[in-house]
Amino acid sequence: AVGFLIAEFLREDGGLDAVRTISGMLFIFVCIYLTYLGKALYIVKAFRREIVEYKVLNRRFKGEVVGMAIQNQSYIEHNFEHRKLNTELSEKVGDLTNLEQQFSMLSTECNGSVVQATQLIERIERNTKLNTSNLVHLFFGHADKNQNGRIDAEEVDSFVESLRFFSSYFATFKPEALKAAILEQGGLSLDQVQKLVDSMLPDGELEEQEDADAVAVTTPRNTA
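Thresholds applied
- Residues numbered from 1 in each chain as written.
- Predicted model: local features only at pLDDT ≥ 70, side-chain atom pairs only at ≥ 80, totals over all residues.
- Heavy atoms only, no water.
- Helix = DSSP H or I, 4+ residues; strand = E, 2+ residues; numbered from the N terminus.
- Buried < 20%, exposed > 50% of the residue type's maximum accessible area, 1.4 Å probe, protein only.
- Contact = heavy atoms within 4.5 Å.
- Areas by Shrake-Rupley, 256 points an atom, 1.4 Å probe, with all protein chains shown as cover.
- Salt bridge = Lys/Arg side-chain N within 4 Å of Asp/Glu carboxyl O.
- pLDDT = per-residue confidence, 0-100.
- Axes fitted to C-alpha atoms, helices over the stretch in contact; angles between N-to-C directions.
- Parallel < 35°, antiparallel > 145°, perpendicular 65-115°, else oblique.
- Left-handed = near helix turned anticlockwise from the far one by under 90°.
- Nonpolar A, V, L, I, M, F, W, Y, C, P; charged D, E, K, R; others polar.

**Comments concerning the overall build of the protein**
For the protein, the helix and strand inventory stands at 7 helices and 2 strands. Starting at the N terminus and ending at the C terminus, the protein contains elements arranged as α-α-α-β-α-α-β-α-α. For the protein, with 224 residues in total, the buried portion stands at 21%. The long-range share in the protein, meaning contacts at least 24 apart out of those at least 6 apart in sequence, stands at 54%. Total accessible area computed for the protein in this model is approximately 16600 Å², and 60% of it derives from carbon and sulfur atoms.

Structural data, given as structure tokens:
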């Protein structure tokens, strides 16, 4: 089309022909437009390929996001377990620290002497036994509503419930077993209270501890 226009401009037989010149220019414009359309179509195809790739990437990213969310939830659960374990370990460390401090105080008070430490422990045991005995006798008096010197069957619940807190301190004391034993033998006399106290506490003269329910069962009932 450009050659056609150049030839038209160089003609010597009468000058330019308007129709042919306009046709040549229109043809040039059409060529330019077709070239533009070709490039536009190429760009559109390229955009379409990019869109397809982006969709694939988007789906893959969505899958990765879901996987990361699952992993995040798993990490949260693990962190919760770790915090729980750390709390438990901290409590155990605190208990060990308190125990270490108590041993240090015991060692300081006894000046490192095993004999003095043994005597101190025996004194603490005697005081514990005395205090326990006083409390049990006090609860016995409160539970003995008719003041007949015995815990009768209708008074057993009140008496055993008042002693229940001892189970947190003495492993040999079992409230339910004691209650069943007392009911089985028909009550508990005042003379049996001290044996009940002895069964709840460690006894230096015995190799083993007796359970409170065993004492209640094996001790003869006072019928007087």
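Next comes the rest of the write-up.
**With respect to the pattern of salt bridges**
Applying the stated criterion across every chain yields a total of 4 salt bridges. A salt bridge links Arg 150 to Asp 152, with the nearest nitrogen and oxygen atoms 3.9 Å apart. Judged on exposure class, the residue Arg 150 and its partner Asp 152 are both buried. In this structure, Lys 179 and Asp 157 form a salt bridge, with 2.8 Å as the shortest nitrogen-oxygen distance. Of this pair, Lys 179 sits in helix H5 (residues 175-185) while Asp 157 sits in helix H4 (residues 156-163), placing them 22 residues apart in sequence. A relative accessible area of 26% means that Lys 179 is categorised as partly exposed. Through salt bridges with shared partners, one network takes in Glu 161, Arg 164 and Glu 176.

**So, unusual backbone geometry**
One non-glycine residue, Gln 147, lies in positive phi territory at about 55°. Checked against the element boundaries, Gln 147 lands in the loop between helix H3 (114-143) and strand S1 (150-151).

**Digging into the confidence of the model for the protein**
Where the model shows low pLDDT, its predicted coordinates should not be examined in detail. Counting all residues, the mean pLDDT for the protein is 76, and 78% of those residues have values of 70 or more. Across residues 204-224 the pLDDT falls below 50, and counting only partners more than four positions away or on other chains, this stretch makes 38 contacts in the model.

**Let's talk about the packing of H4 against H5**
Taken N-terminus to C-terminus, the directions of H4 and H5 make an angle of 155°; their axes are 10 Å apart at the nearest point. Judged by the angle between their axes, H4 and H5 are roughly antiparallel. You can see that H4 and H5 cross each other, and the crossing is right-handed. In this structure, H4 contributes Val 156, Asp 157, Phe 159, Val 160 and Leu 163 to the contact, and H5 contributes Pro 175, Leu 178, Lys 179, Ile 182 and Leu 183. By residue class, the composition of the contact of H4 with H5 is 8 nonpolar, no polar and 2 charged.

**Examining the environment of Ser 167**
By secondary structure assignment, the location of Ser 167 is in the loop between H4 and H5. In this structure, the C-alpha to C-alpha distance between Ser 167 and Met 200, residues 33 residues apart in sequence, is 9.1 Å. Residue contacts for Ser 167: discarding those within four places in its chain leaves Phe 173 and Pro 175.

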